[in-house]
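Architecture at a glance
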Amino acid sequence: MAEKASTGSPKSLVNTSKHFTLKRSQRRTLFFFLFILPWLLGFVFFGITPLVIGFLSSLTNYDGLNLPNLRFVGLDNYARAFEDPDVGFSAVRTLIWCVVSVPIYLVVSFLLALILNQNIPGRGIFRTLFYLPSVVPLVAAVMAWRSILDKNAGMLNAVLDIFKPGIAIGWLSDYALEGMAIIATWMGLGFGMIIFLAALQNIPEEQIEAARIDGANNFQIVRHIILPLMSPVIFLQLVMGLINNFQTVQLPLILTQPATYTQGLVPPRDIYLYMIHTYIQIFSNRRYGYGNALLWILFVVVLILTAVVFWTQKYWVYSEQSSEGEKS
Amino acid sequence: MKTYTRDRFIKQFTRAMGLIILIVTTILLILPIITLFITSLKLDTEYNRYPIVWFPAVPQWVNYETVLNLARFAGAALRTVLLGIPYAIVITLSSALAGYAFARFRMPISSRLFGVVVALLIVPEMVVLIPTFIVYAQLKLTNTYWPWVLSAIAGSPFYIFLFRQFFLNFPKELEDAAEVDGCGPIRIFVQIFLPNSTAVIATVMFFAFNAVWASYLMPLIYLSDSQQLLGVVIATEFKNPRGITLTTLSMAGTVVYILPPVIAFFLAQKHILKGVIMSGIKG
């Protein structure tokens, strides 16, 4: 009985002292909704509505102009996606893009974080400098790398030319995927490094000291203590990296340099990614229904990946507790 | 004694190795910016010559003068600033307000709605962006800046999250005292919360302004060429009247384009990095 009373105390308090508390709590509810109203409206109109409209239009032959004679086509667009050879091709390119860029990103930023976690002079300066590329706008990053990776005028080919005259590797055309991986790593490693560094600093110093006293060398400490403790963060970064790279569209777009969105787009086949195919369906071919079906397929894949993260949450709950002390 | 010096040697050695790796990495990271700068000082004929001309015979500082006087560049820069500043102010305010509500008005509905905010951080940007474009196209709001205005008013889940985490650490007593004195929630927000959160406000303003300054896809699909923002203008490069791309001039424009976010980052890097760390553990 006593237990019941204590668990139900907030509610019973409201009920017994009606005159003052109820009024105050009502006022607080009102203010709460007033304060979140802009966000709530935005969420409904620019979050839910587009998602629903996107899904509904994926069931039709919508092309942006045929609203009066819209036809319901059921799951035809989805069936078509699985028969479209370009979808298969672009999905494979996207997977290759993930396999190339995500591990590089994880390994490089993790190693940098490990080094920066050491007591090295000037580590604060390095931390800032490493993050610097992340604040450079993507468009500018591509231009900057063009001065190095350009096939004819780039400095990388010029250096290679010294060893093997006449060489001209199309880093941004024939090998655009590799070129893009270089640019993406350059831009992303500062972020990854900062995240890993923050997680590394949560590892209790005593554990590492204890291992060292037991005679473990640096490599063993990393392998048997730091990596297991960091695995939740690494896993989270891996999944986030995959989700981000599934949607990569801006880098290949910028490399193709369309002046307007309706312009016909011919990116190099090497970087004909899934989202590029979707973008072309919608903006160049005006196949809104089909394009939205492609978007929803991607969305479902991302949802499944996210669900995997949540199901395996118990394995990385450690970082959850140490980073967010209080959970509502 | 011997093992002691050996241990010390190993420790010194690994530290030196670490330092060397860090310096090499820094050089690699800065390299594209340096080559961009060098290239921006070349003549286009020097840029296109084979074998490569490593350094310009005469640095073409005039490239910078030309690009700053170029209507296409200066106009786009001005438009981007005029859009970016109000956008940053409004989205910061609306996000702060929602963050304050989620941090301080504890009730079952509030934590459930906050769950929605966190869930929204995972939704792929593209899945929403393209149908949103279709909605705006139907409303005849493309070729206007309304998409920015409306999304600024709505706030952003990530900024709301940042503000909420920050406000959670505010001492409750301060607020209680103000409430006893008869301050309403709005006055508490304006007079107590906002003035005491300059660090977070600066961080969010930086992120928000940079979101407009660096944006490429959104202006590309929403705006016509005469209203275009700087990101798209830089990406399509400058051409002479005969349609030939002026690469080194475009690169000079890129250098100017990089400066504002980089300078702002150096000024506020401590706060910004803190915000970045929070964004990484949001999942």
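Keep in mind that what you see is a predicted model, and the values were worked out from it rather than measured.

1. What about the overall build of chain A?
When its secondary structure is counted, chain A shows 15 helices and 0 strands. Residue burial in chain A is summarised as follows: out of 328 residues, 38% are buried. Here the analysis covers contacts within chain A between residues at least 6 apart in sequence; of these, 68% occur between residues at least 24 apart.

2. Observations concerning the nonpolar core
One recurring pattern in soluble globular proteins: nonpolar side chains tend to sit buried together. Membership of the largest hydrophobic core comes to 153 residues, with the highest contact counts inside it found for Ala141 of chain A together with Tyr100 of chain B. Per element, the largest residue contribution to this core is 17 residues, and it comes from helix α9 (residues 176-200) of chain A. If near-sequence neighbours (up to four positions away) are discounted, Tyr100 of chain B is found in contact with Phe35 of chain A together with Phe163, Phe167, Phe189 and Phe193 of chain B.

3. A look at helix α5 (residues 108-120) of chain B
Residue and element names in this part refer to chain B. For α5, which comprises 13 residues, the first-to-last C-alpha distance of 19 Å matches the rise-based estimate of 18 Å (1.5 Å per residue) to within 8%. Residues of α5 that are buried include every one of Ser110, Phe114 and Val117, and no others. Taken around the axis of α5, the buried residues stretch over an arc of 45°, which confines them to a single face. Residues of α5 that are exposed and point more than 90 degrees away from the buried face comprise Pro108, Ile109, Arg112, Gly115 and Ala119.

4. Considering the domain arrangement of chain B
Residues and elements named next belong to chain B. As far as domains go, chain B holds domain 1 (2-40) and domain 2 (70-280). Here the C-alpha centroids of domain 1 and domain 2 sit 36 Å apart. In this assembly, 4 residues from domain 1 lie in contact with 5 residues from domain 2. In the side of domain 1 that touches domain 2, the residues fall into 2 nonpolar, 2 polar and no charged.

5. Remarks on the domain arrangement of chain A
When its domains are assigned, chain A resolves into domain 1 (18-57) and domain 2 (86-323). Domain 1 of chain A and domain 2 of chain A are separated by 36 Å when their C-alpha centres are compared.

6. Side note on the interface of chain A and chain B
On the chain B side, the residues contacting the 76 residues of chain A number 78 residues. When its residues are assigned to classes, the side of chain A that touches chain B shows 53 nonpolar, 19 polar and 4 charged.

7. Quick look at unusual backbone geometry
All names here are of chain B. A positive phi angle, close to 65°, is found at Asn143, a residue other than glycine. Tracing the chain through its elements places Asn143 in the loop between α6 (125-138) and α7 (146-154). With a phi close to 60°, Glu237 is a non-glycine residue in the positive phi region. Mapped onto the secondary structure, Glu237 falls in the loop between α13 (230-236) and α14 (247-280). Given 18 C-beta atoms within 10 Å, Glu237 falls into the partly exposed group.

8. Observations regarding the packing of helix α11 (residues 218-246) of chain A against helix α14 (residues 288-311) of chain A
All names here are of chain A. Taken N-terminus to C-terminus, the directions of α11 and α14 make an angle of 175°; their axes are 10 Å apart at the nearest point. Comparing the axis directions of α11 and α14 gives the class roughly antiparallel. Seen from α11, the contacting residues are Leu236, Val239, Leu242, Ile243 and Phe246; seen from α14, they are Leu298, Val301, Val302, Leu305 and Val309. In terms of residue class, the contact of α11 with α14 is built from 10 nonpolar, no polar and no charged.

9. Details of α7 of chain B
Residue and element names in this part refer to chain B. Among the residues of α7, those classed as buried are Pro147, Trp148, Ala152 and Ala154. On an axial view of α7, the arc spanned by its buried residues comes to 160°, and they lie on one face. Trailing α7 by a residue or two, Gly155 shows a phi angle of about 75°, which is positive.

Cut-off values and rules
Residues numbered from 1 in each chain as written. Chains lettered and ligands numbered in written order. Predicted model: local features only at pLDDT ≥ 70, side-chain atom pairs only at ≥ 80, totals over all residues. Helix = DSSP H or I, 4+ residues; strand = E, 2+ residues; numbered from the N terminus. Buried ≥ 20, exposed ≤ 12 C-beta atoms within 10 Å, placed from the backbone. Contact = placed C-beta atoms within 7 Å. Core = buried A, V, L, I, M, F, W, Y, C linked by C-beta atoms within 7 Å. Expected span 1.5 Å × (residues − 1). Arc of directions from axis to C-beta. Domains from an automatic or database assignment. Nonpolar A, V, L, I, M, F, W, Y, C, P; charged D, E, K, R; others polar. Axes fitted to C-alpha atoms, helices over the stretch in contact; angles between N-to-C directions. Parallel < 35°, antiparallel > 145°, perpendicular 65-115°, else oblique.

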